[in-house]
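# Residue-level structural notes
Each chain, letter by letter, is given below.
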Amino acid sequence: MIKLFNTTIVMLAGILFLSGCSKSSQAVEQKETVLNMQYIKNEMTKIALNVDVKEVCNAKKNNINDVLALATTFNKIAIKEGVEFKRLGMSNTQYINATKKAIKLGAKTIDIVNKKKKKTGTVSTSYAAWRACSFAIRALQQKDEANETWRLAVPGDQYKY
């Protein structure tokens, strides 16, 4: 009876130990995933800093779907950084979604709508794709430029009166 009791306790201790190890390994895997995502975001931000927006976002030279894919990729990073562009009452995400919808439907233009859902204008799909792509990349570029040049905007630091 004592041997059965001891065996049961040893087995329960082993089960508890193994379940604890599996939970800690899951936590380690989650931390590694977070670190990998942070690394990817940092690398994509570095790529965005060195991109020539006029060439990469040109919807006439490049495929419009490739331009939208770039816009989507960099816009996700811009949203996480908190620097998503908004122009004429329309966020960059709305430009991307409207352009994708127009391409899917075969439309030549998209409507620009403000925050009240009121139409304020129309633009061509290629122009909307260019605008979405350039807004996504330039948001990241301007954030980096601001980190380096903000002192120029402080009166008295760089300017002499």
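To start, this report covers the structure provided alongside it. (Residues numbered from 1 in each chain as written. Predicted model: local features only at pLDDT ≥ 70, side-chain atom pairs only at ≥ 80, totals over all residues. Heavy atoms only, no water.)

## Notes on helix H4 (residues 92-105)
In this model, H4 (14 residues) spans 20 Å end to end at C-alpha, consistent with the 20 Å of a helix rising 1.5 Å per residue. All of the buried residues in H4 are Asn92, Tyr95, Ile96, Thr99 and Ala102. Along the axis of H4, the buried positions cluster into a sector of 135°, meaning they face one direction only. In H4, the exposed residues that point more than 90 degrees away from the buried face are Lys101, Lys104 and Leu105. Structurally, H4 contributes buried residues whose contacts are with helix H3 (64-81), strand E1 (86-87), strand E2 (90-91), strand E3 (109-113) and helix H5 (125-149). Backbone geometry just downstream of H4 places glycine 106 in the positive-phi region, at approximately 80°. (Helix = DSSP H or I, 4+ residues; strand = E, 2+ residues; numbered from the N terminus. Expected span 1.5 Å × (residues − 1). Buried < 20%, exposed > 50% of the residue type's maximum accessible area, 1.4 Å probe, protein only. Arc of directions from axis to C-beta. Contact = heavy atoms within 4.5 Å.)

## Regarding the pairing of strand E4 (residues 119-124)
Relative to E4, E3 runs antiparallel, the two sharing five bridges. Note on E4: the bridge partner recorded for aspartate 111 is threonine 122. Here E3 folds back onto E4, and the loop between the two strands holds five residues, one of which, lysine 117, carries a positive phi near 65°. (Pairing = 2+ DSSP bridges.)

## Digging into the nonpolar core
Ranked by internal contacts, the top residues of the largest apolar core, which has 27 residues, are Phe74, Tyr95, Ile110, Cys133 and Ile137. Counting residues per element, the ones that place at least two in this core are H3, H4, E3 and H5. The element contributing the most residues to this core is H5, with nine residues. What cysteine 133 contacts, discounting residues up to four positions off in sequence, is Cys57, Val67, Leu70 and Ala71. (Core = buried A, V, L, I, M, F, W, Y, C linked by side-chain atoms within 4.5 Å.)

## Let's talk about the pattern of salt bridges
For the structure shown, the criterion picks out three salt bridges. Across the pair lysine 119 and aspartate 111 runs a salt bridge, and its minimum N-O distance is 3.7 Å. (Salt bridge = Lys/Arg side-chain N within 4 Å of Asp/Glu carboxyl O.)

## Considerations on the state of the cysteines
Counted under the stated rule, the structure contains one disulfide. Between the sulfur of cysteine 57 and that of cysteine 133 lies a disulfide, 2.1 Å long from S to S. Every disulfide takes its handedness from the sign of the S-S torsion; for cysteine 57 and cysteine 133 that torsion is -60°, giving left-handed. You can see cysteine 57 sitting in the loop between helix H2 (53-56) and H3 and its partner cysteine 133 sitting in helix H5, a full 76 residues away along the chain. For cysteine 57, a relative accessible area of 0% gives the class buried. Overall, cysteine 133 belongs to the buried group, its relative accessible area being 0%. (Disulfide = S-S within 2.5 Å.)

Everything listed here is a matter of coordinates, which is why it stays silent on function.
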